[in-house]
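Architecture at a glance
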Amino acid sequence: MQHKKGFIFDLDGVIVDTAKYHFLAWQKLAAGIGISFTEKENEQLKGVSRVRSLEKILEWGNTTLSEERFQELMDSKNTDYLSHIDTMSETEILPDVERVLRFLEDNEQPMALGSASKNARTILQKVKLIHRFQTIVDGTDVSKAKPNPEVFLKAAERLDIAPMDCIVFEDSVAGIEAANTAGMVSIGIGDPSVLNTADHVFSDFTQMNNEFLNKLIQQ
Ligand code: BG6
Ligand code: MG
């Protein structure tokens with residue numbers, strides 16, 4: 001009998017290298033209001049919603065803003081971010097993502113996208129991967145941001161697979177925490193010293209062979 005697992009992919013920093021565009025856009029915006037932050041601090045913004053990201057930046061700069069100004073800055077960050085997205089194509093799919101998707105498809109494994117981004121569908125369309133997922137849960141579908149597990153639990157529900165039979169691929173600390181809280185297998189894509197609470201960590205998909213994927217399906 002073929003085992004069915006639910007494979008849930010984060011988008012930014014896992015499927016496409018958009019994490020760098022989020023960083024650029026937030027850094028530029030923060031500089032405009034006199035706040036600077038490093039790549040290390042930026043790890044805390046990964047996986048986190050747009051609202052929560054701006055709240056954190058303002059906390060770092062000990063700054064408070066009116067609600068109106070806050071909204072203006074969020075919109076302006078997104079406009080800047082979307083100018084990077086506009087030029088994207090399939091060439092920005094991260095290495096070996098397509099091999100992993102193909103292997104899971106060949107093995108008839110259900111797949112979902114689980115992202116905090118409200119731009120997820122736009123990006124998936126740009127890189128022509130939108131039809132590869134059975135379901136897409138994004139920032140427009142959830143009310144609680146990662147590290148809350150809502151996004152992954154919703155993906156599992158839509159795939160009709162129990163959370164304990166789901167596997168999450170994530171590049172953010174918040175996302176790994178969300179997967180762990182959901183009782184899923186968490187697989188970090190990135191630096192093991194940053195993603196140290198994940199069940200497994202790979203620097204990228206080129207390091208994850210089909211044998212490992214097969215074990216995830218069978219276990
Ligand atoms: C996550 C990113 O995928 O989406 C975060 O890792 C980002 O950096 C969040 O803040 C929300 O994205 P968006 O595109 O709705 O601003
Ligand atoms: Mg991510």
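All residue numbers refer to positions counted from 1 along the written sequence of the respective chain. Both sets of labels track the order of writing: A upward for chains, 1 upward for ligands. Where totals are concerned, whole chains, interfaces and linings use all residues; where local detail is concerned, this predicted model gives features only for residues with pLDDT of at least 70, and gives and counts side-chain atom pairs only at 80 or more. Hydrogens and waters are ignored; side-chain quantities use all the structure's heavy atoms.

Domain annotation for the chain reports domain 1 (6-16 + 90-218) and domain 2 (19-85). Segmentation of the chain into domains, including their bounds, is taken from an automatic or database domain assignment. In this structure, domain 1 and domain 2 have C-alpha centres spaced 24 Å apart. Facing the 14 residues of domain 1 at the interface are 14 residues of domain 2. Summed over both partners, the accessible area (1.4 Å probe) lost when two parts come together is defined as the buried area. With both chains or domains summed, domain 1 and domain 2 bury close to 1100 Å², and 53% of this area falls on carbon and sulfur atoms. On the domain 1 side of the interface with domain 2, the three residues burying the most area are Asp12, Glu92 and Asn119, jointly 31% of the side's total. The term salt bridge refers to a pairing of a side-chain nitrogen on Lys or Arg with a carboxyl oxygen on Asp or Glu at a separation within 4 Å. Linking domain 1 with domain 2 are zero salt bridges, by the criterion used here. Any N or O atom pair separated by 3.5 Å or less is treated as a polar contact, with the protein-specific requirement of one donor-capable and one acceptor-capable atom, and with residues adjacent in sequence counted only for side-chain atom pairs. Our count for the domain 1 to domain 2 interface comes out at four residue pairs in polar contact (both at pLDDT 80 or more). Residue classes in the side of domain 1 that touches domain 2 are distributed as five nonpolar, three polar and six charged. By definition, residues are in contact when any of their heavy atoms lie within 4.5 Å. Basically, the charged four are Asp, Glu, Lys and Arg, the nonpolar ten are Ala, Val, Leu, Ile, Met, Phe, Trp, Tyr, Cys and Pro, and anything else, Gly included, counts as polar.

Before going further, it helps to examine unusual backbone geometry. Note the cis peptide between lysine 146 and proline 147, where omega equals 15°. Only runs of H or I of at least four residues qualify as helices and only runs of E of at least two qualify as strands under DSSP, and these elements are numbered from the N terminus. Its location among the elements puts proline 147 in the loop between β3 (135-137) and α7 (150-159). Here asparagine 62, not a glycine, exhibits a phi torsion of approximately 50°, which is positive. If you trace the backbone, asparagine 62 turns up in the loop between α3 (50-60) and α4 (67-85).

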